[in-house]
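# Residue-level structure breakdown
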Amino acid sequence: MIAKQFIDIKSPLTDEVIGKVPAMSREDVDEIIQRAKNGFKIWRDKPLHERVEYLYKVAELLLEHEVELTSLLIKEVGKDQKSAKSEVVRTADLIKFTADTAKNMHGQNINADSFPGGNKGKFAIIKHVPIGVVLAVSPFNYPVNLAASKIAPALVSGNAVVFKPATQGSLSGSFLAKLFIEVGLPEGVLGIVTGKGSQIGDYIVTHCDINFINFTGSTEVGNHIAKEAKMVPLLMELGGKDAAVVLEDADLDLTASHIVGGAFAYSGQRCTAIKRVIVVNEVADALAEKIKEQMKKLKVGNPVEIEGTLDVVPLINEGSADFVEGLIEEAKIKGAKLLCGGERKGNLITPTLFDYVTTDMRLAWEEPFGPVLPIIRVNSEEEAIQITNASEYGLQASVFTTNMHRAFEVADKLEVGTVQINNKTERGPDHLPFLGVKSSGIGVQGISYSIEAMTRIKSTVINL
Ligand code: NAP
Ligand code: G3P
C-alpha cells in the first residue's frame, strides 16, 4: 500500500501539526481486509495459550512506552498529564486482564435427557469460536483505552481485527496497534485503516468481508452505521446524558464532590460524564451552593502550559466549543440561572453551572461533551425518575441517598445500563459490564462480555 494522500494531525492545544496519517483509499481498505481474512485462518488455529502470550507482551511494551505515549495523548487529544498517564496504565491492565480472563473461559456440555424425550446417549458440546474479521472503530476521547478494549478481546478470541481510529486520536491509536504488530502477530491479523470516517467509513462498514462491528462513538454515527451494516452483528457504545439523581436524604458534601468530579474531568468529554443534576427541591439550594464551592477547586488550563492535573482543558476542536457555547447561550436566553462560568477563551470553556434549567431547554436533553452542567429541580423522587427516563439516552445514572433500600428501589426504576449509588457515573474498572440502552448503545462491553460478544457458539452434538 502506497498512500497517495495524508491527513495532518494538529494538536487541539497548540494548533501545530504533530504528525500525519494516510488518507486511505478503497483499494487500501480492500488490501488490509484481505490480509486480515488470510491472517484469520492462521490466527484462529493458534492455541489460546499462545494467543494470550501476545497480549502479555503488548501490555509490557505499552508500559515501556508510557512516557512517550502519555506525551502523545496530551498533544493529540488535549488530555492533562495525569489523565493521559492513567489511560496508558489502565490500558496495560485491561490487556493483561483480558488475557487472564480468556484463559479461564470455558464451553459447556448439555445432556439431552434433561429435556422430555431426550435420550441419555445424546449430548451437545458447546464451544465459543471466533467470528472472523472484526472492525474496531474508536472515538477521540480515549484513543488508546477504547482501542484496546476492542482489539484485545477480539484477538484473544481468535478473530482478526481491522482497526479504524478516530482521526483525532489516530496517532495515539496507531501507536498502540503497532505494539501488537511489533510483538509478532502473524501477517495481517491486525490491520490499521486511517482516514476520515465521513470519507472512507461507509466503505469499510459495508465491506463484505467484515464479520462484526465493534463501535464506540456518537449516537448519530452509531445510528448511521447500524443502518449501513445490515446483517453484520454490532456492539455499540454511544452517547449519554448521565443524570445524578439527588434525594433529600443525600450526603450533600459527598454528592457535590462526586458531581463536580464526574461532570468536569477532561472537560466533560467522557461518555459517562455526569451531564445533568436532577435534585428534589428540599435540598436544591444547599446542593447548588456546594457544587459551586467545589467547582472553585477545579484546575483549568492548557496541558502544554501546566503539568500535572488539570480538570478543564481546551475542547477537542472549534466545532465542539461552538456547540457547547450554543447550549450555554440558549439556556441563558430561556432563563436558566448562570451560577458560574460561561466564558470562552479559544476552545477552552470555563466550568459552567446553570441552576433552574427547565425541560424546554436544549441543555436539559442534549449531550454537551463539554464543561457545562445543568441543575434541574424537581418536586419528588417520582418526578426525578420520570425526567431521568425521558432522555433518549440510557448509559448510566447516579443516585445519591443515605437510604440504601431507597437507592435500590430508585435504581431499579431507571432505564439505564448502570446505576452508581453514591458515586459519580464511570465505566471503570474495565472488567465490569459496561452498556448503554436506548440511544446509548447495543450489547455489553467489559472484558469478559466483550470476549463473549466477539465469539459465536459452535455446537457439536454426540449421539451414542
Ligand atoms: P464520532 O464522531 O461518532 O466518531 C467515532 C468514530 O467513528 C471515529 O473513529 C470516526 O472517524 C468514526 N466514523 C465517523 N463516521 C463514520 C462512518 N460513516 N463509518 C465508520 N466510522 C465512522 O465520535 P467522537 O467525536 O470520536 O467521540 C465522541 C462521541 O462518542 C460522544 O457522543 C460520546 O458520548 C461517544 N462516546 C461514547 C463512549 C461509550 O463508551 N459509550 C465512549 C466514548 C465516546 P473520524 O474520527 O475519522 O470521523
Ligand atoms: O467516554 C469514555 C468512557 O469509556 C469513560 O470511561 O472510566 O472515564 O468513565 P471512564
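So, a few notes on the structure that sits alongside this text. (Residues numbered from 1 in each chain as written. Chains lettered and ligands numbered in written order. Predicted model: local features only at pLDDT ≥ 70, side-chain atom pairs only at ≥ 80, totals over all residues. Heavy atoms only, no water.)

## Observations concerning the sheet that holds strand E12 (residues 337-340)
If you trace the seven strands from one edge of the open sheet to the other, you get E12-E15-E16-E11-E10-E18-E19, paired in mixed fashion. Each edge of the open sheet carries a strand with a single partner, namely E12 and strand E19 (418-421). Averaged over all adjacent pairs, the angle separating strand axes in this sheet is 25°, with direction ignored. Inspection of the sheet shows strand E10 (residues 242-246) paired to strand E11 (residues 274-280) by five bridges, in the parallel sense. Among the inter-strand pairings, Ala 244 is bridged to a residue of E11, identified as Val 277. Strands E10, E11 and strand E16 (372-378) of the sheet are contacted by helix H12 (residues 381-389), whose axis makes an angle of about 160° with E11. (Pairing = 2+ DSSP bridges. Helix = DSSP H or I, 4+ residues; strand = E, 2+ residues; numbered from the N terminus. Axes fitted to C-alpha atoms, helices over the stretch in contact; angles between N-to-C directions. Contact = heavy atoms within 4.5 Å.)

## Quick look at the sheet that holds strand E6 (residues 160-164)
Overall, mixed pairing links the six strands, which are arranged E7-E6-E5-E8-E9-E22 in an open sheet. Every other strand in the sheet has two partners, leaving strand E7 (190-192) and strand E22 (441-442) as the edge strands with one partner each. With four bridges connecting them, strand E5 (residues 133-137) and strand E8 (residues 212-216) associate as parallel partners. Looking at E8, one finds that Ala 136 is bridged to Asn 214. Across the sheet, helix H1 (residues 26-43) is in contact with E5, E6 and E7; its angle to E6 comes to roughly 155°.

## A few points about the packing of aromatic side chains
Within this structure, the stated rule accounts for two aromatic pairs. Between Trp 43 and Tyr 54, the ring centres sit 5.1 Å apart and the planes meet at 70°, which makes this aromatic pair edge-to-face. Here Trp 43, found in helix H1, pairs with Tyr 54, found in helix H2 (residues 48-64); they are eleven residues apart in sequence, far enough to count as distant. For Trp 43, a relative accessible area of 0% corresponds to the buried category. For Tyr 54, a relative accessible area of 14% corresponds to the buried category. Aromatic pair Phe 140 and Phe 369: ring centres 5.9 Å apart, planes at 80°, arrangement edge-to-face. In this pair, Phe 140 is assigned in the loop between E5 and helix H5 (145-156) and Phe 369 in the loop between strand E15 (352-355) and E16, connecting sequence segments 229 residues apart. Overall, Phe 140 belongs to the buried group, its relative accessible area being 17%. (Phe/Tyr/Trp six-rings, centres within 6.5 Å; stacked < 30°, edge-to-face > 60°. Buried < 20%, exposed > 50% of the residue type's maximum accessible area, 1.4 Å probe, protein only.)

## Notes on the site of ligand 2
Near ligand 2, the surroundings consist of Arg 90, Asn 141, Tyr 142, Leu 146, Arg 270, Cys 271, Thr 272, Glu 426, Arg 427 and Gly 428. Taking Arg 90, its side chain carries an N or O atom lying 2.9 Å from an oxygen atom of ligand 2. Separating an oxygen atom of ligand 2 from a side-chain N or O atom of Arg 427 is a distance of 2.3 Å. A total of 310 Å² of accessible area belongs to ligand 2 in isolation, and the protein chains cover 94% of it. Its residues assigned to classes, the shell around ligand 2 comprises three nonpolar, three polar and four charged. Inspection of the shell around ligand 2 shows a minimum of three residues originating in each of domain 1 (6-238 + 440-463) and domain 2 (242-438). (Near = heavy atom within 4 Å. Polar contact = N/O pair within 3.5 Å; in protein donor to acceptor, adjacent residues only side chain to side chain. Areas by Shrake-Rupley, 256 points an atom, 1.4 Å probe, with all protein chains shown as cover. Nonpolar A, V, L, I, M, F, W, Y, C, P; charged D, E, K, R; others polar. Domains from an automatic or database assignment.)

## Focus on the packing of H2 against H5
Packing of H2 against H5 brings their axes to within 9 Å, and their N-to-C directions diverge by 160°. What the angle tells us is that H2 and H5 run roughly antiparallel. In terms of crossing hand, the pair formed by H2 and H5 is right-handed. Contacts from Leu 48, Arg 51, Val 52 and Leu 55 of H2 reach H5 at Ala 152, Leu 155 and Val 156. Grouping the constituent residues of the contact of H2 with H5 by class yields six nonpolar, no polar and one charged. (Parallel < 35°, antiparallel > 145°, perpendicular 65-115°, else oblique. Left-handed = near helix turned anticlockwise from the far one by under 90°.)

## Quick notes on the pattern of salt bridges
Side chains that differ in sign of charge can pair as their charged atoms come close. This model, assessed by the stated rule, comprises 25 salt bridges. For the salt bridge of Arg 35 with Glu 187, the shortest nitrogen-to-oxygen distance reads 3.4 Å. Within this pair, whereas Arg 35 is found in helix H1, its partner Glu 187 is found in the loop between helix H6 (170-182) and E7, the two being separated by 152 residues in sequence. The salt bridge partner of Asp 430 is Arg 90, with a shortest N-O separation of 2.7 Å. Of this pair, Asp 430 sits in the loop between E19 and strand E20 (434-435) while Arg 90 sits in helix H4 (residues 81-103); the two residues are 340 residues apart in sequence, bridging distant segments of the chain. Three or more residues are tied together by salt bridges with common partners; here these are Glu 248, Asp 249, Glu 381 and Arg 406. (Salt bridge = Lys/Arg side-chain N within 4 Å of Asp/Glu carboxyl O.)

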